[in-house]
Amino acid sequence: MTHANQTFEQLAEPFRRELRLHCYRMLGSLHEAEDLVQETYLRAWRNFASFEGRAPLKAWLYKIATHACLDAISSRKHAPRLLPDQRAPATDQMPDGKPAAEASWVEPYPDVYLEGIPDDAPGPDARYSSREAVQLVFVAVIQQLPPRQRATLLLCDVLGWSTLEAASLLGGTTASVNSARQRARETLARRYPDGRPPVVATSNPEQQALLARYVRTWEERDLDGFVALLTEEAVYTMPPLPQWYAGRNSIRQFFDWAWKNYLGFRLVPTAANRQPTFALYTRRSTDVAWDAHSLHLLTLEQNAISSLTLFVKPAAPDVFKAFGLPLVLTDTKTIV
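First, a word on scope: everything that follows refers to the structure included in this document.

## Quick look at the overall build of the protein chain
Scanning the protein chain from N- to C-terminus turns up twelve helices and seven strands. Across the 336 residues of the protein chain, 50% fall into the buried class. Counted over contacts in the protein chain with a minimum sequence separation of 6, partners at least 24 positions apart contribute 68%. If you sum the accessible surface of the protein chain, you get close to 15,800 Å²; carbon and sulfur atoms cover 51% of it. Looking at the protein chain, you have 37 positive and 37 negative side-chain charges, and the mean spots of the two groups are 3 Å apart.

## A few points about the side chain of Thr237
By the secondary structure assignment, Thr237 is in strand β1 (residues 230–237). There is a polar contact of 3.2 Å between the side chain of Thr237 and the side chain of Thr309. Aside from chain neighbours lying at most four places away, what touches Thr237 is Pro84, Asp85, Trp244, Leu308, Thr309 and Leu310.

## Regarding the pairing of strand β5 (residues 290–301)
Burial within β5 is extensive, with ten of its twelve residues counted as buried. Where strand β4 (residues 275–283) and β5 come together, six bridges link them in antiparallel fashion. Each residue of the ladder has a partner; that of Phe278, found in β5, is His296. A loop of six residues connects β4 with β5, the two strands running antiparallel in sequence. With two bridges connecting them, β5 and strand β7 (residues 328–329) associate as antiparallel partners. Residue Asp291 lies in a different strand from β7, and its bridge partner there is Val328. Sheet analysis places β5 next to strand β6 (residues 304–312), joined by eight bridges and oriented antiparallel. The residue of β6 that forms the bridge with Glu301 is Ala304. If you look at the hairpin formed by β5 and β6, you'll find two residues sitting between the two strands, and Gln302 has a positive phi there, around 55°.

## Concerning the environment of Arg181
Relative to the assigned elements, Arg181 resides in helix α8 (residues 174–191). Classification of Arg181 by relative accessible area gives buried; the value is 13%. Linking Arg181 and Arg150, residues 31 residues apart in sequence, is a C-alpha distance of 8.3 Å.

## Comments concerning the pattern of salt bridges
Per the stated rule, a full pass over the model turns up twelve salt bridges. A salt bridge links Glu18 to Lys58; the nearest nitrogen and oxygen atoms lie 3.4 Å apart. One end of the pair, Glu18, is in helix α2 (residues 16–27); the other, Lys58, is in helix α4 (residues 57–74), and 40 residues separate them in sequence. Its relative accessible area of 23% is what places Lys58 among the partly exposed residues. Between Glu107 and Arg81 there is a salt bridge; the shortest N-O distance is 3.5 Å. Within this pair, whereas Glu107 is found in the loop between α4 and α5 (136–142), its partner Arg81 is found in the loop between α4 and α5, the two being separated by 26 residues in sequence. You'll find Glu107 and Arg81 in the same group, each marked buried. When salt bridges with common partners are traced through the structure, they connect Glu32, Arg76, Arg81 and Glu107 into a single cluster.

## A look at the packing of α2 against helix α6 (residues 147–158)
At a minimum axis separation of 10 Å, α2 and α6 run at an interaxial angle of 140°. Between α2 and α6, the interaxial angle falls into the category oblique. The handedness of the crossing between α2 and α6 is right-handed. Where α2 abuts α6, its residues His22, Arg25 and Met26 lie against Pro147, Arg150, Ala151, Leu154, Leu155 and Val158. Along the lines of polarity and charge, the residues of the contact of α2 with α6 split into six nonpolar, one polar and two charged.

## A word on the pairing of β4
Counted residue by residue, β4 has eight buried out of nine residues, so it is predominantly covered. Here nine bridges tie strand β3 (residues 264–272) to β4, and the two strands are oriented antiparallel to one another. Within β4, the position partnered with Thr270 by the bridge is Thr277. Between β3 and β4, which pair antiparallel one after the other, the connecting turn spans two residues, and Asn273 there sits at a positive phi close to 55°.

## A closer look at the packing of aromatic side chains
Per the counting criterion, the structure on display carries 27 aromatic pairs. Measuring from centroid to centroid gives 5.8 Å for Tyr262 and Phe265, while their planes differ by 50°, and the two rings are tilted. Relative accessible area serves as the criterion here: at 1%, Phe265 is assigned to the buried category. Here a set of aromatic residues connected by ring pairs shows up, and it is made of Tyr214, Trp218, Phe226, Tyr236, Tyr245, Phe254, Phe255, Trp257, Trp259, Tyr262, Phe265 and Phe278. The residue whose ring lies beneath Arg16 is Tyr41, and the NZ or CZ to ring-centre distance is 4.2 Å. Looking at Arg20, its charged tip hangs above the ring of Tyr113, at a distance of 3.9 Å from the centre.

Quick notes on the rules
Residues numbered from 1 in each chain as written. Predicted model: local features only at pLDDT ≥ 70, side-chain atom pairs only at ≥ 80, totals over all residues. Heavy atoms only, no water. Helix = DSSP H or I, 4+ residues; strand = E, 2+ residues; numbered from the N terminus. Buried < 20%, exposed > 50% of the residue type's maximum accessible area, 1.4 Å probe, protein only. Contact = heavy atoms within 4.5 Å. Areas by Shrake-Rupley, 256 points an atom, 1.4 Å probe, with all protein chains shown as cover. Lys, Arg positive; Asp, Glu negative; His and termini not counted. Charge placed at Lys NZ, Arg CZ, Asp CG, Glu CD. Polar contact = N/O pair within 3.5 Å; in protein donor to acceptor, adjacent residues only side chain to side chain. Pairing = 2+ DSSP bridges. Salt bridge = Lys/Arg side-chain N within 4 Å of Asp/Glu carboxyl O. Axes fitted to C-alpha atoms, helices over the stretch in contact; angles between N-to-C directions. Parallel < 35°, antiparallel > 145°, perpendicular 65-115°, else oblique. Left-handed = near helix turned anticlockwise from the far one by under 90°. Nonpolar A, V, L, I, M, F, W, Y, C, P; charged D, E, K, R; others polar. Phe/Tyr/Trp six-rings, centres within 6.5 Å; stacked < 30°, edge-to-face > 60°. Lys NZ or Arg CZ within 6 Å of the ring centre and 35° of its normal.

None of this, on its own, says anything about what the molecule does.
Have a look at this one:
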């Protein structure tokens, strides 16, 4: 390894985690973010000799990463990654188990990848906290923005960069950046009338008790108890299947149908998108192992569940692998 290569790695490596998070927010995909970070570092390494240091190395790397993401988005063959409730109306029909053709979905992001990011406290100009800006629904909503608006919102309102800094990175005038930023805010305001996504801490005793009840109702197959944990207007989605359900009654009908296909459930706590998360294992008879089934991301509203997203088969194996979870559960003791 040459001295230049060593210097580049020493200077650039500390920014890898936050660049991966930035790419995830831009793309809505963990595996695409991994690829784009690799592409970013390859482009940066190839051009490191021409880096003049007029701007900080961090800004230079963000510029490369953002443009790599914009290039990737422009070359996509499919529609943006969203969640099922962004694509079609809710249904009362039971699913046929077939993923939607030509559809890609927003993916969960392991909290372990958020550890050690020095930029966890954004700049004073930021509109959204780091916790707000990594929630699954927030990431899904910004996928509906045109790519340049998305990049502007992330740079200015999430990372706290100035309009001038964003204009320098993206190219263009401060007026064009301000215009893109304002249009992006207007789009988000339609989803968040008060201007920002709700964030509910999960460390208080009441919410910890709620999560314990969630596990218990699944493992005891207590449908009434499970439904009682939901808000009246709760939403249930299950990518990669396109069907989704709105309201307690519809969600109850779905799980009354679905739970009959399994002998039992085991839930293991994990962490994704700064939200309460569990890995679900199932089996259909007592003489078989507990197999990976789905990853559950919960959104809490006060002391109830307002949104439940299950990443289910056939996506489950890839999701479990990304979270370092086994595909077969050998220890059935659940720790909550």
